[in-house]
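Notes for the structure review
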Amino acid sequence: MVSMKDIALRCNVSVATVSKALSGRKDIGEDTRQRICKMADEMGYLSNAAARALKTNRTYNIGVLFVDEQLSGLTHDYFSAILQSFKVEAEKRGYSITFINRYVGTRKTTYLQHCQYRGLDGVLIASADFGDPEVLELAESQIPLVTIDHIYNNHTAIMSNNVAGMSELVRYVYEKGHRRLGMIHGEMTNVTKNRVTSFHRTCKELGMDVSDEYIVSSRYHDPIACAEATEKLLQLQEPPTCIFFSDDFSGMGGLDVIRKKGLRIPEDISVVGYDGIYLSQAITPHLTTCWQDTTTLGALSAEHLIRAIEEPKTTVPEQIMVSGRILEGDSVMDLNAVENN
């Protein structure tokens, strides 16, 4: 195994100078520091984690709390993409990832106790019941913490801009000539509230009045629940000309119901999704949806959490919005063109 002494001999400097360079200290010349770091990389040097922890009072281990009602785990297309990006950025900065749960072996613990047992430097809450007392206990602790799509006082939140995304999606459908819109939404989280509010507000701005019967509650990442909600909308005396699914994956259930009724997409009814997962563009017709920038969401989460860990005295909690964009598929009929013909 390569040691600091080996690097010092190759660079013709002292071991103390190598130590300063690798720990990022500024009391050596920048050219010397870069030369030593480059040589360390070339020689495959790895610092001793235990020694580094003693010196910095950090374990270089970050906790991730990910709990979803459907127990989809890392098969959840949206969150798995975020967590992969988070992992890549954290590892690039020298940190490892540990998933947090309510057990250490067979012993039951709280989330906070698990973090303390593992000596975690910080925590990312990617998905959870944010009203859960154990989640609140973790958020109110002294452990540096970043959340995704939820705001806690005194913590940085990385937010997908659901208000803008839903507004753009409604306007896109409106421009295609649709005036009777139906919406299926997931559990009433902050994300859902923002999307539903944006849906109603944008419709009002465009002069459309949406009756409550066109808004149906369902669950995220649940095709069966979405299928049931789609059935309700199709049974209305005047069904919507376009249905907004809660998310792309759930939308698969809605598409199945529509096809079983002998309806064609988009000729007989139009549909749009949300998230922009790979599957949405692999099916026929390609789903028109709002793509969320999971790569940026994950990378920013890691960047800001590590900053809070390493620079606590100068880090100010922020709410950072990440914009998405419309993926134009083939699932929305242009009613304007139909009328003109």
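Everything below is about the structure shown above.
Here we summarise the structure given alongside this text. As the structure is a computational prediction, the values presented were derived from the model and not from experiment. (Residues numbered from 1 in each chain as written. Predicted model: local features only at pLDDT ≥ 70, side-chain atom pairs only at ≥ 80, totals over all residues. Heavy atoms only, no water.)

**Notes on the packing of aromatic side chains**
Each aromatic ring pair is characterised by the separation of its centres together with the angle its planes make. How we decide: Pairing of aromatic side chains here covers Phe, Tyr and the six-membered ring of Trp, requires ring centres within 6.5 Å, and sorts the geometry by plane angle: under 30 degrees stacked, over 60 edge-to-face, intermediate tilted. Put simply, DSSP H or I for four residues or longer makes a helix, DSSP E for two residues or longer makes a strand, and each gets a number counted from the N terminus.
In the structure shown here, the tally under the stated rule is 5 aromatic pairs. Judged by centre distance (5.8 Å) and plane angle (65 degrees), the rings of F130 and Y152 are edge-to-face. Placement of F130 in the loop between β5 (122–127) and α7 (133–139) and of Y152 in the loop between β6 (145–148) and β7 (156–160) is noted, with a sequence separation of 22 residues between them. Taking 5.3 Å as the distance between ring centres and 80 degrees as the angle between the ring planes, the aromatic pair formed by F199 and F244 counts as edge-to-face. Of this pair, F199 sits in helix α9 (residues 190–205) while F244 sits in strand β10 (residues 242–244), and the two are 45 residues apart along the sequence.

**Concerning the environment of Y95**
Stated formally: Remark: exposure states derive from per-residue accessible area (1.4 Å probe, protein chains only) relative to the maximum for the residue type, with buried under 20%, exposed over 50%, and partly exposed in between. Any two residues whose heavy atoms approach within 4.5 Å at even a single point are treated as in contact. Any pair of nitrogen or oxygen atoms within 3.5 Å is treated as a polar contact; in protein, a donor-acceptor pairing is required on top of that, and neighbouring residues in sequence qualify only through side-chain atoms on both sides.
With respect to the helices, strands and loops of the structure, Y95 is situated in the loop between α5 (77–92) and β2 (96–99). Here Y95 falls in the buried class, since its relative accessible area comes to 1%. Distance from Y95 to I62, taken between C-alpha atoms, is 6.7 Å for residues 33 residues apart in sequence. Not counting the four nearest positions on each side in its chain, Y95 is found in contact with R58, Y60, N61, I62, A90, D121, I306, I309 and E310. A polar contact is formed between the side chain of Y95 and the side chain of E310, at a distance of 2.8 Å.

**Structural notes on the packing of α5 against helix α13 (residues 294–310)**
Here is the rule we go by: For helices, the fitted line uses only the C-alpha atoms of the stretch in contact; every axis is such a line through C-alpha atoms, and the angle between N-to-C directions lies from 0 to 180 degrees. Here the angle decides the label: under 35 degrees means roughly parallel, over 145 means roughly antiparallel, 65 to 115 means roughly perpendicular, and every other value means oblique. Helix crossings are classified by the rotation of the near helix relative to the far one: an anticlockwise turn of less than a right angle makes the crossing left-handed, while a clockwise turn makes it right-handed.
Two numbers describe how α5 lies on α13: the axes approach to 7 Å, and their chain directions differ by 45 degrees. It follows from the interaxial angle that α5 and α13 lie oblique. As α5 packs across α13, the resulting crossing turns out to be right-handed. Each of Y78, A81, I82, S85, F86, E89 and A90 in α5 lies in contact with α13, whose residues at this interface are T294, T295, L297, G298, A299, S301, A302, E303, L305 and I306.

**Overview of the sheet that holds β2**
Put simply, the rule is: By definition, two strands form a pair when at least two bridges between them are found by DSSP.
In space, the 6 strands of this open sheet follow the order β2-β1-β5-β6-β7-β13, with parallel pairing throughout. Of all the strands in the sheet, just β2 and β13 (319–322) have a single pairing partner and so form its edges. Within the sheet, the average angular offset between the axes of one strand and its neighbour, ignoring direction, is 20 degrees. Sitting on the sheet, α5 touches β1 (61–66), β2, β5, β6 and β7, and the angle it makes with β1 is about 175 degrees.

**Looking at helix α6 (residues 111–118)**
We count it as follows: In this description, one arc is meant: the one made by directions from the helix axis to the C-beta atoms.
Those residues of α6 lying buried are Y111, L112, H114 and C115. Buried positions in α6, seen along its axis, are confined to an arc of 160 degrees and lie on one side of it. Across from the buried face of α6, at angles greater than 90 degrees, the exposed residues are Q116 and Y117. Elements in contact with the buried residues of α6: β1, β2, β3 (103–104), β5 and α7.

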